[in-house]
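Chain residues, written in single-letter form:
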Amino acid sequence: MHFNKAIESEDVFYQRRKLLFTNEQFDAIYSLDLDDFLNRYDDPFLSGLGNYSNVGVIGDDSDGYVMATTLKLPGISVSNYFSQNWSLESFCYGLVLFKLDSKLYVANPAIREYKKLPAPWEELGPEPSSSSGLGFGFDHSTDDFIVVKWWSLKDGIKFSVYALKTGSWRPIQGRFPYTTGSAFGGTGILLNGGLHWLMKRLEDKSRVIVSLLLADNEVREIPLPPDLTDVGDWDYLPLGLFFRESLCIARTVVEFVDETTATSNNHFWVMKEYGVGESWTKRKFSYGFAFSLLPSGYWRENHVLFYSRVSQELGMYNFNDLSCRDVWIPGFPIVTGAGFYVESLVSLD
């Protein structure tokens, strides 16, 4: 209820959404009011008033004004806070799923409340020594937050789910005919009541988007764009959300101008109508980012914030004039993980 009130007003939504990110040391989680940060810069690019070249940077630390703060949680002492390995995993309705060292936590940063999850093997037995992935979502049928973990086995994918209300893990019976590897999987993307991952069919090793519906644990398939059906096995195709409501797939394509010159183009396929394969629409832009651009979950007007896992930086893309800009957070030249949540009073109890 409180989260719904937070997003029903656009002004309130902008005031309460916060960027969480980690630095190159992975020694803490930091919070930033990105809307307030961007409003400090009188940059024509942000107002979308015309076609501007991809020159310049949004953000600098020349005035020494650092706006990011460390996310502090009770029970984690200051003395060892910066000696542990933090990583952001996923965001859902005001809550955040993160890892501290190898342990999973769900937290509401706004009220500084968190819960440590038991390791799945503590309740379900030994974990398979295989590739695995996570997902975090909300099941409207039970009004509960759900954490999903999967393992890729020889005979298919094995799913287990953790419900915040019950505080325990349970396996989803059976195996599902998919496999994954280092270039697949990742953290599930929540949309339309399901968590989505890019996987491969066991039968013919063709790529497909796999959706696990949280209400009934049903698995469905969503086809990929035709252009991506024959890419190499090791091509990295990250899955994300575009403007919060459309699935998208990103791919970096290197094109050779001549024998010694090459350019990199970031291609995005956006699914305009959920589940309809014919609605995939291709977008393309070139810029000086390294590789692996993916929408971070932040947008305003015609701008989307991207994060690159390879170059470890943030960038803003304007769809009006197809221009891009680097975004530098003062004091944090390298950003190793980024995502958004909306402040709310949602309690973990």
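How each quantity is defined
- Residues numbered from 1 in each chain as written.
- Predicted model: local features only at pLDDT ≥ 70, side-chain atom pairs only at ≥ 80, totals over all residues.
- Heavy atoms only, no water.
- Core = buried A, V, L, I, M, F, W, Y, C linked by side-chain atoms within 4.5 Å.
- Buried < 20%, exposed > 50% of the residue type's maximum accessible area, 1.4 Å probe, protein only.
- Helix = DSSP H or I, 4+ residues; strand = E, 2+ residues; numbered from the N terminus.
- Salt bridge = Lys/Arg side-chain N within 4 Å of Asp/Glu carboxyl O.
- Phe/Tyr/Trp six-rings, centres within 6.5 Å; stacked < 30°, edge-to-face > 60°.
- Pairing = 2+ DSSP bridges.

- Named according to an unreviewed UniProt entry, the protein chain is F-box associated beta-propeller type 1 domain-containing protein originating from Rubus argutus.

**A word on the nonpolar core**
And step 1. Grouped together as the largest cluster of nonpolar side chains are 24 residues, with contacts concentrated most on F21, L32, L34 and I329.
And step 2. Top contributing element to this core by residue count: helix α3 (residues 34-39), with three residues.
And step 3. Ranked by size, the runner-up nonpolar core spans 18 residues in total, among them I157, L195, V208 and V210.

**Examining the pattern of salt bridges**
And step 1. This model, assessed by the stated rule, comprises six salt bridges.
And step 2. Notably, a salt bridge pairs D33 with K18, separated by 4.0 Å at the nearest N-O pair. Here K18 lies in strand β1 (residues 17-22) and D33 lies in the loop between β2 (29-32) and α3, a separation of 15 residues in the sequence.
And step 3. The class for D33 is partly exposed, based on a relative accessible area of 23%.
And step 4. Note on K18: relative accessible area 11%, which makes it buried.
And step 5. Salt-bridge contacts for D155 lead to R175; the nearest nitrogen and oxygen are separated by 3.6 Å. Residue D155 is found in the loop between β10 (144-153) and β11 (156-163), and its partner R175 is found in the loop between β12 (168-171) and β13 (178-179); the two are separated by 20 residues along the sequence.
And step 6. One connected set of salt bridges, linked through shared partners, spans K18, D33 and E343.

**Quick word on the packing of aromatic side chains**
And step 1. This model, assessed by the stated rule, comprises 13 aromatic pairs.
And step 2. Seen from their ring centres, F21 and Y30 are 5.7 Å apart, and the 25 degrees between their planes marks the pair as stacked. Neither residue differs from the other here; F21 and Y30 are each classed as buried.
And step 3. Where F268 meets F306, the ring centres are 5.0 Å apart and the plane angle is 40 degrees; that geometry is what we call tilted. Of this pair, F268 sits in strand β20 (residues 262-271) while F306 is found in strand β23 (residues 303-308), placing the two residues 38 residues apart along the sequence. A single burial state applies to F268 and to F306, both of which are buried.
And step 4. Among the aromatic residues, those joined into a ring-pair cluster are W86, F98, Y105 and Y114.

**A look at the sheet that holds strand β26 (residues 337-342)**
And step 1. Across the sheet, four strands lie side by side as β4-β2-β1-β26; this open sheet has antiparallel pairing. Each edge of the sheet is formed by a strand with only one pairing partner; in this case those strands are β4 (69-70) and β26.
And step 2. Inspection of the sheet shows β1 paired to β26 by six bridges, in the antiparallel sense. The partner of R17 across the bridge, within β26, is V342.

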